[in-house]
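A structural walkthrough
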Amino acid sequence: MKTMVSPSLLSANFIDLKSDVEMINRSEADWLHLDVMDGVFVPNISFGFPVMEAVGKYCTKPLDVHFMIVHPEHYIEQTAKLGAMMMNVHYEACIHLHRTIQQIHAAGMKAGVTLNPSTPVGVLEDVIRDVDMVLIMSVNPGFGGQKFIENTIRKVQRLRKLIDETGSHALIEVDGGVQAETAPLLVRAGVDVLVSGSYIFKNIDPVSCIKALKELKR
Ligand code: DX5
Ligand code: ZN
């Protein structure tokens, strides 16, 4: 299976989002990754529903929404209305994670659980068969263009083992510092979906850049 790619809109040109969404539409990207920040869960604020609605209407790829906010459970219905395919919530932001996963499914979306770099994969042991994806942060969330945290490779290997041992069908997605050097290491370690922001959008040929990431094989 080819590697899946979910370009992160955070590094797009916000004065001309339309051109960047058009680029995504004609590329081989599998999904579009949307980063929502609240200035509380992470020390930054990005964009919210009005922007995502506009982008969602124009984008032909499934939306992979990454909430870096407290109380993501308050926005499940609104995210479903957007037509999102995947709703990713942070483990660290959800007191009743199991209930939140059930509510995301009941709203008709796939459920992803995201782990900060300091959160071990073992905390997911009792929900791993209930989730559609685990999103491993390979930088501390909040900003694009940060340096990849090397420990992520071992973390992905541990998660791959947990998924295989439990018979879970969860995909593994990695987000942060994904570029030409780190992407092959991640795919070899067992990653299914690569999120990449600055590496794709700052490239002179983002369509070829996405294609190259997709060619990576385990
Ligand atoms: C960071 C976001 C990422 C970000 C990745 O908190 O979750 O999706 O856009 O950016 P790069 O690929 O530049 O590290
Ligand atoms: Zn993200």
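Throughout this description, residue numbers start from 1 for each chain and increase along the sequence as written. In the order they appear in the text, chains get letters beginning with A and ligands get numbers beginning with 1. Totals for whole chains, interfaces and linings use every residue, but because this is a predicted model, local features are given only for residues with pLDDT of at least 70 and side-chain atom pairs only at 80 or more, for both listing and counting. Heavy atoms throughout the structure, all of them, feed into the side-chain values; hydrogens and water do not.

Things to note about the UniProt feature "active site" (unreviewed entry) in the protein
UniProt's entry tags Asp35 and Asp175 with the feature "active site" (unreviewed entry), counted in the numbering of this structure. Considering the C-alpha atoms alone, the annotated residues occupy 141 residues of sequence yet fold into one spot, their largest mutual distance being 10.6 Å. Secondary structure elements follow DSSP: runs of H or I of four or more residues count as helices, runs of E of two or more count as strands, with numbering from the N terminus. Along the chain, Asp35 falls in strand β2 (residues 32-37). Residue classification places Asp35 among the buried residues on the basis of a relative accessible area of 4%. Whether two residues touch is decided by their heavy atoms; if any such pair falls within 4.5 Å, the residues are in contact. Discounting chain neighbours no more than four positions away, the residues touching Asp35 are Ser8, Leu10, Ser46, Phe47, His66, Met68 and Asp175. UniProt positions are given in the numbering used here, feature names are shortened, and annotations may be inferred rather than shown by experiment. For the exposure calls, accessible area comes from a 1.4 Å probe over protein chains only, and a residue counts as buried if that area is under 20% of its type's maximum, exposed if over 50%, partly exposed in between.

Observations regarding the coordination of the zinc ion (ligand 2)
Metal-coordinating donors are taken as N, O and S atoms lying within 2.8 Å of the metal, or within 3.2 Å when the metal is Na, K or Ca; because water is left out, some sites can appear incomplete. In this structure, His33 (NE2), Asp35 (OD), His66 (ND1) and Asp175 (OD) serve as the protein donors to the zinc ion (ligand 2), at separations of 2.0 to 2.3 Å. A site with four donors is called tetrahedral when every donor-metal-donor angle falls between 85 and 135 degrees; four donors are called square planar, and six octahedral, when opposite donors sit more than 155 degrees apart and all other angles fall between 65 and 115; any other arrangement is irregular. Around the zinc ion (ligand 2), the 6 donor atoms are arranged such that angles at the metal cover 69 to 167 degrees; this shape is classified as octahedral. Take His33: its relative accessible area is 0%, and that puts it in the buried class. Given a relative accessible area of 10%, Asp175 falls into the buried group.

With respect to the sheet that holds β2
Sheet architecture is open: 8 strands sit in the order β1-β8-β7-β6-β5-β4-β3-β2, paired in parallel fashion. Each edge of the open sheet carries a strand with a single partner, namely β1 (4-7) and β2. In this sheet, neighbouring strand axes are inclined to one another by 25 degrees on average, regardless of whether the strands run parallel or antiparallel. Across the sheet, helix α4 (residues 97-106) touches β4 (86-90) and β5 (110-115), and the angle it forms with β5 is around 145 degrees. For two strands to be treated as a pair, DSSP must find no fewer than two bridges joining them. Only the stretch in contact is used when fitting a helix axis, every axis being a line fitted to C-alpha atoms; angles between N-to-C directions are given from 0 to 180 degrees.

Considerations on the pairing of strand β8 (residues 193-196)
Every second residue of β8 is oriented toward a common face, with Val193 and Val195 on one face and Leu194 and Ser196 on the other, all of them buried. Two elements, β1 and β8, share 4 bridges in a ladder whose sense is parallel. Paired with Met4 across the bridge in β8 is Val193. Bridge count for strand β7 (residues 171-175) against β8 is 3 bridges, and the pairing is parallel. For Glu173, the partnering residue across the bridge sits in β8 and is Val193. If the strands point away from the viewer and the path from the first strand over the helix to the second runs clockwise, then the crossover is right-handed. Assessed by its sense of winding, the connection that carries the chain from β7 through helix α6 (residues 182-189) to β8 is right-handed.

Thoughts on the UniProt feature "binding site: a divalent metal cation" (unreviewed entry) in the protein
Mapped onto the present numbering, the UniProt feature "binding site: a divalent metal cation" (unreviewed entry) falls on His33, Asp35, His66 and Asp175. Spatially, the listed residues are clustered: although they cover 143 residues, their C-alpha atoms lie within 10.6 Å of one another. With respect to the helices, strands and loops of the structure, His33 is situated in strand β2. Other than its neighbours up to four places away in sequence, His33 contacts Ser6, Pro7, Ser8, Leu9, Asp64, His66, Leu135, Glu173, Asp175 and Val195.

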